[in-house]
Amino acid sequence: MSSMALAIGFVLLVGAFFKTQVIQYKQYVMQSEENRLRPIPLPAPRGIIYDRHGEVIAENLPAYSVSITAPSVDSLRSALAQLGPTLQLGQNDINNAIRRYRRAPTRPTVILPDATIDIVSVLEEHRLDFPRLIIQSVPKRYYPDGPVVASFVGYTGEITESDLNDPKYASYKPGQQIGKAGLEKQYEPILHGKEGVRFDEVDARGRPVRGEGPRPDLNPEGAPPLYTNIDLDLQKFTVGLFADSLQGGAVAIDPNTGEVLALYSAPSWDPNKFTGGIPVEYYKQLLEDKRRPLVNKAIQGTYPPGSTFKLATSIIGLEEGVVGVNDHMPVPCTGGYQFGNRYFRCWEKKGHGSLSLEGAIKHSCDVYFYQLGLKIGLAKFIAGGIQLTMRDKSGIDLPEETQARWPYAIDYYNKKYGPRGWSNAETLNLAIGQGANSQTVVNMAKLYSAFAAKGMAPRPEIAHLVPQRKQVFTLTSIQDSVVLEGLKAVLEAGGTAGASAIQGLTLAGKTGTAQNTGGDDHGWFVGFAPADKPKIVVAVLLEFGLHGSRAAHIASAIIGHYLKVGPIKAVMDEG
Amino acid sequence: MSRPIVSDFRLLAAAGILSLFGVAMVYSAGQTDTPTAVATLYKSQILWLLIGMGFAYAVGHSSVRFIEWMTTPLYALSIFLLGLTLVIGKGAGTAASTKSWLAIGSHRIGQPSEIAKVTVVLMLAKVLASQRETPKSLLDLWKPALVVGIPWAIIMLQPDLGTGIVFIGIFFAMLFWAGVAWPLLILIASPAISLVLSFSVGLWGMWFFLLLALVLWYRPYLIEGIVLMVLNVATGVVAPMMWEKLAPYQQNRLKVFIDPSADPRASGYHVIQSKVAIGSGGFFGKGFTLGTQKRLAFLPEQHTDFIFSVVGEELGFLGVTIALALFLWLFLRITKIAERANDSYSSLVAFGLMSSWFVHVLVNVGMTLNLMPITGIPLPFFSYGGSFLLASWLAVGILMRISGEGRGSALSLRR
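All of these numbers come straight from a predicted model, not from anything done at the bench. (Residues numbered from 1 in each chain as written. Chains lettered and ligands numbered in written order. Predicted model: local features only at pLDDT ≥ 70, side-chain atom pairs only at ≥ 80, totals over all residues. Heavy atoms only, no water.)

A.B. asks: Which parts of the structure should I look at to understand the overall build of chain B?
C.D. replies: When its secondary structure is counted, chain B shows 16 helices and three strands. For a compact globule of 415 residues, the expected C-alpha radius of gyration is about 22 Å, and chain B comes in at 22 Å, within 12% of that figure. The C-alpha extent of chain B, read off along each of the three principal axes, is 65 × 60 × 45 Å. Split into buried and exposed, the 415 residues of chain B put 53% on the buried side. Residue pairs at least 24 apart in sequence account for 72% of intrachain contacts in chain B once pairs closer than 6 positions are excluded. Total accessible area on chain B stands at roughly 17800 Å², and carbon and sulfur atoms take up 72% of it. Positive and negative side-chain charges of chain B, numbering 28 and 18 respectively, have mean locations separated by a distance of 5 Å. (Helix = DSSP H or I, 4+ residues; strand = E, 2+ residues; numbered from the N terminus. Rg over C-alpha atoms; globule rule 2.2 N^0.38 Å. Buried < 20%, exposed > 50% of the residue type's maximum accessible area, 1.4 Å probe, protein only. Contact = heavy atoms within 4.5 Å. Areas by Shrake-Rupley, 256 points an atom, 1.4 Å probe, with all protein chains shown as cover. Lys, Arg positive; Asp, Glu negative; His and termini not counted. Charge placed at Lys NZ, Arg CZ, Asp CG, Glu CD.)

The structure is reproduced here in structure tokens:
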């Protein structure tokens, strides 16, 4: 009987082992592999960004990252305290490392994302003292032209806590680099490569025991390149025009496709300094700079468009049929216009006399446009502006763009001032690009592109995508040519930008002055060339530029530079 | 003493193969990627084995009567040494908080409880064999109860729960072998069962009525019946209070026994890693000395309490089955020795020694698969440890002697 009991006891035990070792084998093998194999992520290189001619805008350089694996926060702290002097760690570096660890304790914690070769060689010497240290060659983002491209390319940096909570970044891990602004952010899903993995064998305390992986590596996959429409040569030329003294924004677009040829905000900043953590000093310096380099004046800053908006007023008036191409307004310009009990000045105190539309555009006669605005009527004028996308983002493929400001309806004024708190004088303001009207440089470039392309407004695109165009207005060919003649005349002798004319090239455009209550007025110019077969639209805003003639100089220089290289490119395209 | 030396070769072979198997596993347990002190322990284990075999040889050449004559002094000595641990005892290894080691200064000499496992068997056998009639009532059992109760109480004071369980196992197994009726055994065990079941009122209630039925059917002395029922009620109610009295590590071990994942980083970690080691061994194992769980230090106490996990990981289901078959072979052999023994003392000693090992194997091996709580009791012939190996081979020697003096020739046992 006792023998039987013994036998039964052993059979039960053997059965239990059979269940564990044979039936549940796979599950336990997985657990044992998980125990001993520590995946070390291998960062993938980001996609290279090229300009339209294959010049490099953003690339990757080899750098070294130092990371560590730790079984606990305390162990990490003491390791950091030990390494501190060698790695020249600041309190900030230590805090960051601990934050990264807390977020993903099983992943190697990045201590220095971009270690100098000096630090790396010292660490290599002491490798045995710090068995958990991982020194890796990692790709580091580099922009050969730095500040020249910062306005549109943005920068990369470590993913933040709040990003990690964003479902958009669900697959990301702490310590990874992501696009933080500009193209880098906009095209993050494309530019981000696929991280690889190397497997280290570790013991129960997380110390690596085998040099070569017990399992084959999964190699990182680099992202495909991003081809852009940017003309790096034109971009550099534009940056040179602003030099160090001017501040403002410039956008150059091919009106037929919306391809953004150049986009710049002055003063700029160096995105290379931002890679791998923004240095506190540099960031402080940028923040305290009165010229606000961190505000992108091409896509973020909004300014009253001033007289450049008279193109919109003209288009709306013509489309509505309230003005004929040869009509003169009832009241000739004598330097101002009496509306109710208020007197609205023309910028030209001497007055322009009686003008048709073409002359009014050429001379930018405020009195003419006051009356045109009144003829259109506020409701239709607001609707027309909305139709011309004056209340929209231009749709440029940059994440930071600000929406342009324009009333949504008459109700806007009722809500703002009360039903009796405002008068039709608002129409007069809107008609000359003042009032509740604030536009980005890129959105004005889009408006003039739409005119240059006979009403087809293109979506401005930096990346080389399929062009998207949308009909926003329709003018008869006579109407169109009258407005065009007016815009051409602006750059002829006697026009407001006559001094910016180019020999052998017909330019068309419009200057503008944005009233600035806080200081000197901002100067605008938006124009295109060749006037009869436009290939480039340029919008320039100079902060505190007083009026548009200086901006017109810059714009015409950009146009001239571009069109000189234009024919060469055309030959290449045909060949 | 001119008796011819007859050796029970099967017993010797089973114990010898198990010991060599064990030494090999202790050697493997030392083969870790980060070398530790365990790396050289197999050498001392071999030394202890040789010493133990020497003892066995000596005992094997004495006589059962000499052993019986030595029983009382040896028992007294082991009680004295056990008592001494309460005064100058030290802890070690997983049981660092207990006082099971005798030490001079910082030098640990041995664990008296390991020797007591043998002497208590001898003493119990002597007491039970001296009783003319089979115990029929609880009162008849006061002597055997005292023989086990004294060392058990000391061991529980150390406190060493695992060894305590072994003593209870020995007690019941030897009473059973002495012919005590099974209802009486259940009645003796009933307060302890009440204790365990007290955590569930329903289960305890069911048990209580079953017990009542048993008492009415078996009809022990009235006073005994009443005392038993009172005791059951007392333990059923007292248990939760007892729980509070347990040391936190003991509470933890019991809790973790119920749910290892409750505490995966502390006590439960041991069991989880042990199961992972065994399970990942599969059918053929990862190869001798090549277990990753052991090599990379995921498996704790791989040379003592969890040495069988190393067997499972490195030699797989095959190795486990062979090891358990060897144990079964040994135990069946000893059972036969007990059956064929010349007198009831010899028979009880043989069966007692076997049951002591059986409890060890059951609890230790069961623990590696989380079928038993982690009580920190070693695996005979496998776990590293001098006292236990020595005591085990002492037992082998005694068994050899009993086998040699058994009825008929030892050859007649070979059926």
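A.B. asks: Honestly, the packing of aromatic side chains in this entry has me stumped. Any pointers?
C.D. replies: To describe a pair of aromatic rings, one takes the distance between the centres and the angle between the planes. Under the definition given, this model contains 40 aromatic pairs over all chains. Centroid distance B:Phe283 to B:Phe284: 4.9 Å. Interplanar angle 70°. Geometry classified as edge-to-face. By relative accessible area, B:Phe283 is classed as partly exposed at 35%. Owing to a relative accessible area of 62%, B:Phe284 belongs among the exposed residues under this scheme. By way of ring pairs, the aromatic residues A:Phe10, B:Phe21, B:Phe327, B:Phe331, B:Phe358 and B:Phe382 are connected into one cluster. For the cation-ring pair, B:Lys117 lies above B:Phe388, with the distance from its terminal atom to the ring centre recorded as 4.7 Å. (Phe/Tyr/Trp six-rings, centres within 6.5 Å; stacked < 30°, edge-to-face > 60°. Lys NZ or Arg CZ within 6 Å of the ring centre and 35° of its normal.)

A.B. asks: Can you walk me through the pattern of salt bridges in this structure?
C.D. replies: Any two side chains of opposite charge can pair, on the condition that their charged atoms come close. Residues and elements named next belong to chain A. Throughout the structure, instances matching the rule amount to 33 salt bridges over all chains. Between Arg-36 and Glu-33 there is a salt bridge; the shortest N-O distance is 2.8 Å. Residue Arg-36 and its partner Glu-33 are located together in helix α2 (residues 25-36), separated by three residues, close to a single helical turn. Here Lys-310 and Asp-366 are joined by a salt bridge, their closest N and O atoms 2.5 Å apart. With a gap of 56 residues between them, Lys-310 in helix α13 (residues 310-320) and Asp-366 in helix α15 (residues 366-376) connect regions that are remote in the sequence. The pair formed by Lys-310 and Asp-366 is uniform in burial state, with each residue classed as buried. (Salt bridge = Lys/Arg side-chain N within 4 Å of Asp/Glu carboxyl O.)

A.B. asks: Sorry, what's going on with the sheet that holds strand β18 (residues 536-542) of chain A here?
C.D. replies: All names here are of chain A. Here five strands make up an open sheet; going across it, the order is β11-β10-β18-β17-β16 and the pairing antiparallel. In this open sheet, the two edge strands, each paired with only one partner strand, are β11 (260-266) and β16 (508-514). Adjacent strand axes in the sheet meet at a mean angle of 5°, parallel and antiparallel pairs treated alike. Examined bridge by bridge, strand β10 (residues 248-253) and β18 share six bridges and lie antiparallel to one another. Bridge pairing links Ala-252 to Val-538 in β18. The sheet contacts of helix α20 (residues 477-490) involve β16 and β17 (522-529), and relative to β16 the element is tilted by about 70°. (Pairing = 2+ DSSP bridges. Axes fitted to C-alpha atoms, helices over the stretch in contact; angles between N-to-C directions.)

A.B. asks: Where do I start with empty space enclosed by the protein in this structure?
C.D. replies: A water-sized probe rolled over the atoms picks out the places where empty space is left. Residue and element names in this part refer to chain A. A complete count under the given rule lists five cavities of 30 Å³ or more for this structure. Estimated volume of the largest cavity: approximately 530 Å³. For the lining of the largest cavity, the elements supplying multiple residues, two or more each, are β3 (56-68), β4 (109-115), β5 (133-142) and β6 (156-158). With five residues, the single largest contributor to the lining of the largest cavity is β5. A per-class count over the lining of the largest cavity returns 11 nonpolar, 12 polar and nine charged. (1 Å grid on protein atoms, 1.4 Å probe; cavity = no way out; pocket = protein on both sides within 12 Å on 5 of 7 lines; lining within 4 Å. Points joined across faces, edges and corners; volume = space filled by probe spheres on them. Nonpolar A, V, L, I, M, F, W, Y, C, P; charged D, E, K, R; others polar.)

A.B. asks: Sorry if this is basic, but what is going on with unusual backbone geometry here?
C.D. replies: When glycine is set aside, most residues are seen to have a negative phi, and most peptide bonds are trans. A:Ala266 connects to A:Pro267 through a cis peptide bond whose omega is -5°. Within the secondary structure, A:Pro267 sits in the loop between β11 and α11 (271-274). Despite not being glycine, B:Ala297 shows a phi value in the positive range, around 70°. Here B:Ala297 is to be found in the loop between α12 (292-295) and α13 (307-340). Of note in the backbone geometry, B:Glu301 takes a positive phi value of approximately 45° without being a glycine. Relative to the helices and strands, B:Glu301 is located in the loop between α12 and α13.

A.B. asks: It is not clear to me how helix α4 (residues 91-103) of chain A should be interpreted in this structure. Could you clarify?
C.D. replies: Along an α-helix, residues three or four positions apart point the same way, because every turn accommodates 3.6 residues. All names here are of chain A. For α4, which comprises 13 residues, the first-to-last C-alpha distance of 19 Å matches the rise-based estimate of 18 Å (1.5 Å per residue) to within 8%. For α4, every residue scored as buried is listed here: Ile-94, Ala-97, Ile-98, Arg-100 and Tyr-101. Projected onto a plane normal to the axis of α4, the buried residues spread over an arc of 160° and lie on a single side. Seen from the buried face of α4, the exposed residues on the opposite side, beyond 90 degrees, are Gln-91 and Arg-102. Its buried side turned inward, α4 meets α3 (73-87), β4 and β6. (Expected span 1.5 Å × (residues − 1). Arc of directions from axis to C-beta.)

A.B. asks: Which parts of the structure should I look at to understand the pairing of strand β12 (residues 336-339) of chain A?
C.D. replies: A regular strand carries its side chains on alternate faces of the sheet. Residues and elements named next belong to chain A. Direction of pairing for β12 relative to strand β13 (residues 342-345): antiparallel, over a ladder of four bridges. Looking across to β13, one finds that Phe-339 is bridged to Arg-342. Two successive antiparallel strands, β12 and β13, enclose a turn made up of two residues, where Gly-340 displays a positive phi of approximately 60°.

A.B. asks: Would you explain the interface of chain A and chain B in this entry?
C.D. replies: Where the parts come together, the accessible area they lose is often given as the size of the interface. Each side of the interface is counted separately: chain A has 28 residues, and chain B has 44 residues. With both sides pooled, the region where chain A packs onto chain B buries about 2900 Å², and carbon together with sulfur makes up 74% of that total. Three residues, A:Phe10, A:Phe17 and A:Gln21, lead the burial of chain A against chain B; their summed loss comes to 24% of the area buried on that side. Linking chain A to chain B there are one salt bridge. Where chain A touches chain B, the interface holds nine residue pairs in polar contact (both at pLDDT 80 or more). (Buried area = accessible area lost by both parts, 1.4 Å probe. Polar contact = N/O pair within 3.5 Å; in protein donor to acceptor, adjacent residues only side chain to side chain.)

A.B. asks: Mind showing me how you'd approach the confidence of the model for chain B here?
C.D. replies: Fine structural detail should not be taken from predicted coordinates in areas where pLDDT scores are low. All names here are of chain B. Of all residues in chain B, 90% have pLDDT values of 70 or greater, and the mean over the chain is 86. For the stretch residues 409-415, pLDDT sits under 50, and the model shows 11 contacts to residues farther than four places along the chain or on other chains. For this predicted complex, the interface confidence reaches an ipTM of 0.89, while the overall pTM sits at 0.70. (pLDDT = per-residue confidence, 0-100.)

A.B. asks: Help me understand the layout of surface pockets in this model?
C.D. replies: Residue and element names in this part refer to chain B. Of the volumes computed, that of the largest pocket is approximately 2000 Å³. Lining the largest pocket are 44 residues; nearest its centre among them are Trp-152, Ile-168, Ala-192, Leu-195 and Val-196. Broken down by secondary-structure element, the contributors of at least two residues to the lining of the largest pocket are α5 (142-157), α6 (161-177), α7 (182-197), α9 (222-245) and α10 (248-258). Per element, the largest residue contribution to the lining of the largest pocket is 10 residues, and it comes from α9. Of the residues belonging to the lining of the largest pocket, the class tally is 35 nonpolar, six polar and three charged.

A.B. asks: How do you make sense of the packing of helix α1 (residues 2-23) of chain A against α13(B) when you look at a structure like this?
C.D. replies: In a packed pair of helices, the relevant descriptors are the angle between the two axes and the axis-to-axis distance. As a packed pair, α1(A) and α13(B) sit with axes 10 Å apart at the nearest point and diverge in direction by 175°. With respect to α13(B), the element α1(A) is oriented roughly antiparallel. When α1(A) is examined against α13(B), the residues A:Ser2, A:Ser3, A:Leu6, A:Ala7, A:Phe10, A:Leu13, A:Val14, A:Phe17, A:Phe18, A:Gln21 and A:Val22 are found in contact with a partner set consisting of B:Phe308, B:Gly312, B:Gly316, B:Phe317, B:Val320, B:Thr321, B:Leu324, B:Phe327, B:Leu328, B:Phe331, B:Leu332 and B:Thr335. Of the residues contributing to the contact of α1(A) with α13(B), the split by class is 16 nonpolar, seven polar and no charged. (Parallel < 35°, antiparallel > 145°, perpendicular 65-115°, else oblique.)

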